[in-house]
Amino acid sequence: MHLKAAGPAAAEDRARPAGRVRPTRATAPRWRSRPVKGLVYAAPTAVFVAVLFLLPLLLVGRMSLSDWPLLAGARGLNTPENYTDAIDSALFWPAVRFTLVYTVIVTVVLLGLALLLALLVQESRPGAGFFRTVYFLPSVLGLASASLLFWGLYSPTTGPLGRVPERLGLADDPVSFLATPTSALLSTVFLIVWKFAGFYMLILLVGLQRIPQEVFEAARMDGAGRGQIFRGITLPLLRPSLALTLLLCVTGSLLAFDQFFILTKGGPDNSTVTVVQLIYREAFQRLNLGTAAALSIIVLAVLLLLNVLQFRGLRHADPS
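Cut-offs and rules
- Residues numbered from 1 in each chain as written.
- Predicted model: local features only at pLDDT ≥ 70, side-chain atom pairs only at ≥ 80, totals over all residues.
- Heavy atoms only, no water.
- Helix = DSSP H or I, 4+ residues; strand = E, 2+ residues; numbered from the N terminus.
- Buried < 20%, exposed > 50% of the residue type's maximum accessible area, 1.4 Å probe, protein only.
- Phe/Tyr/Trp six-rings, centres within 6.5 Å; stacked < 30°, edge-to-face > 60°.
- Lys NZ or Arg CZ within 6 Å of the ring centre and 35° of its normal.
- pLDDT = per-residue confidence, 0-100.
- Contact = heavy atoms within 4.5 Å.
- Core = buried A, V, L, I, M, F, W, Y, C linked by side-chain atoms within 4.5 Å.

Asker: If you had to explain unusual backbone geometry to someone new, which residues and values would you point to?
Answerer: In this structure, the amide linkage connecting T79 to the following residue, P80, adopts the cis form with an omega of 5°. Mapped onto the elements of the fold, P80 is located in the loop between α2 (34-64) and α3 (81-88). Here the residue pair G267 and P268 is connected by a cis peptide bond, since its omega of -5° sits within 30 degrees of zero. Relative to the assigned elements, P268 resides in the loop between α12 (258-263) and α13 (275-284). Here the phi dihedral of K265 falls at roughly 55°; this positive angle occurs in a residue that is not glycine. Structurally, the position occupied by K265 is in the loop between α12 and α13. Judged by relative accessible area, K265 falls into the exposed class, the value being 53%. The phi dihedral of D269 is positive, around 55°, even though this residue is not glycine. Residue classification places D269 among the exposed residues on the basis of a relative accessible area of 78%.

Below, the structure is given as structure tokens:
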């Protein structure tokens, strides 16, 4: 008994030539789907962050809550004594004050000089590329290497800078630039400005070159002077780059360690001890990892708060 096919599907089957197979949509393997591919691409970074950031952070958090001598290991919980001992330390508040003063001075001087250099080399003129390279070169040198270089330059016995005032008749003996708290601070600030001014200049230079030249030309046609153009056009349109440099400069200054550890060792009379140096002393001189970890958690919380505030400013600073 034969059944007669009915309906559009049957008519389509009769019209299709013999031997033709109805095409079907190929299904891609599951591992090639977009979400899975994204996970595969992100996996190396996720493993890197987990191993080198999250796990050490959890360990530091556990140390901050434990009695943890450096050479003996964990001895049980010790909270909140680690945090109270860290805050009650004789050097804690002096270190906080010095770190804040250093951060303010470095941020103001460094960003001001970087902006000036960026404005000087902004236009394409003969020699501009040479000066951009010269200003940027110190940032290629490592901070520890630069600190050792300036330690030799500042040395009153072997360094050339200490003998300059003596040869000019301004002093009877070679000058020690690291002998007093003020001179040690200013000498370190000079090192940091010398090393990082070119790096921040490059960031601001990129921001300046993003500003359309038509805006400046229109302002000049309207009779605006250089000062008016700088205040009314350059600074407002440069705010995202300024916010980024401010974020990097403040974070780096609050975490200052290498330059003071090499140049001053925290002296004279513990006047140049930063917060990170205090963490180092607690961990490797007093052999108390618990208090050092508590200090690290405090510094991390302050940095997170400052970074959140600065990121919000960076996000709202873009005029577009």
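Moving on, there is more to tell.
Asker: Before we move on, could you go through the packing of aromatic side chains and cite the residues and values that matter?
Answerer: Using the criterion set out here, one finds 15 aromatic pairs in the structure. With 5.3 Å between their ring centres and 45° between their planes, Y280 and F284 make a pair best called tilted. Within this pair, Y280 and its partner F284 are both found in helix α13, separated by four residues, close to a single helical turn. Put simply, the rings of F150, Y154, F177, F190 and W194 touch in pairs and so form one group of aromatic residues. Cation over ring: K195 sits above F196, and NZ or CZ is 4.3 Å from the ring centre. The ring of F261 has K265 sitting right over it, with the charged end atom 5.4 Å from the ring centre.

Asker: An account of the confidence of the model for the protein is requested, with residue identities and associated values reported.
Answerer: This prediction gives the protein a mean pLDDT of 85; 87% of its residues lie at or above 70. Here helix α1 (residues 8-15) stands out as the least confident element of the protein, with mean pLDDT 50; helix α4 (residues 92-120) is the most confident, with 95. Note that residues 1-5 has pLDDT below 50 and, in this model, two contacts with residues that lie over four places away or in other chains.

Asker: Any chance you could break down the nonpolar core for me, citing the residues and the numbers?
Answerer: The biggest cluster of nonpolar side chains holds 37 residues, and the ones touching the most others in it are Y102, V106 and L110. Those elements that place two or more of their residues in this core are α4, α6 (143-154), α8 (181-210), α9 (213-221), α10 (226-237) and α12. Looking at this core, the element that brings in the most residues is α8, giving 13 residues. Residues within four places of V106 in sequence aside, it is in contact with L111, V189, I192, C249 and S253. A95, L254, V275 and A293 belong to the second largest nonpolar core, which has 18 residues in total.

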